[in-house]
Amino acid sequence: MNDLEKKFYLEVKDVIKHFAKYTIDDIRGAKDTEFSAVKKELEEIRKLNLSDNDLGNLQKIIEDAIIGAVHSIFVSIDGGTALSDEGKALELIDKKTGKPLTEGALHENFMEVFD
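Residues numbered from 1 in each chain as written. Predicted model: local features only at pLDDT ≥ 70, side-chain atom pairs only at ≥ 80, totals over all residues. Heavy atoms only, no water.

Considering the environment of D25
At step 1: Topologically, D25 is positioned in helix α1 (residues 3-28).
At step 2: Along the sequence, D25 and L55 sit 30 residues apart, while their C-alpha atoms lie 9.5 Å from each other.
At step 3: Dropping the residues within four chain positions of it, D25 is found in contact with A30 and K31. (Helix = DSSP H or I, 4+ residues; strand = E, 2+ residues; numbered from the N terminus. Contact = heavy atoms within 4.5 Å.)

Examining the pattern of salt bridges
At step 1: Counted under the stated rule, the structure contains four salt bridges.
At step 2: The closest approach of N and O atoms between E63 and K17, which form a salt bridge, is 3.2 Å. One end of the pair, E63, is in helix α3 (residues 52-77); the other, K17, is in helix α1, with 46 residues separating them in the sequence.
At step 3: Note that R28 and D52 form a salt bridge whose closest N and O atoms lie 3.4 Å from each other. With a gap of 24 residues between them, R28 in helix α1 and D52 in helix α3 connect regions that are remote in the sequence.
At step 4: Looking at R28, the relative accessible area reads 46%, which means it is partly exposed. (Salt bridge = Lys/Arg side-chain N within 4 Å of Asp/Glu carboxyl O. Buried < 20%, exposed > 50% of the residue type's maximum accessible area, 1.4 Å probe, protein only.)

What to know about the packing of aromatic side chains
Two descriptors summarise a pair of aromatic rings, namely the distance from one centre to the other and the angle between the planes of the rings.
At step 1: Under the criterion given, the structure shown has seven aromatic pairs.
At step 2: Where Y9 meets F110, the ring centres are 6.1 Å apart and the plane angle is 50°; that geometry is what we call tilted. Of this pair, Y9 sits in helix α1 while F110 sits in helix α4 (residues 106-112), and the two are 101 residues apart along the sequence.
At step 3: By relative accessible area, F110 is classed as buried at 0%.
At step 4: Plain terms: the ring middles of F19 and Y22 are 5.9 Å apart, the flat faces sit at 55° to each other, and that makes the pair tilted. Linking F19 with Y22, this pair stays in helix α1, spanning three residues, or about one helical turn.
At step 5: Judged by its relative accessible area of 45%, F19 falls in the partly exposed class. (Phe/Tyr/Trp six-rings, centres within 6.5 Å; stacked < 30°, edge-to-face > 60°.)

Okay, here's the thing in structure tokens:
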């Protein structure tokens, strides 16, 4: 895996962790949720008075769900779904070199940053 590819996956990993924490902060009431699309649901979850341990477990579950969604998107880009008959459906290109970001499958290489 080249440096740019690794940086890309690590950035995606950081975004996943950020949004999982952001969601837990929403549940804790640490942020204004006036414009949230799930304001009612957040209010219901807050009524449960989840412990820090429960919220930590929930954060891990949220991270895992987001990882699964990103992995599925990368499978689609790699051409691993019914939408693609052969080969990669799309290619992420390094703007500086004009070459593909990865020589392997995005969805497989992405998972390496979680090992």
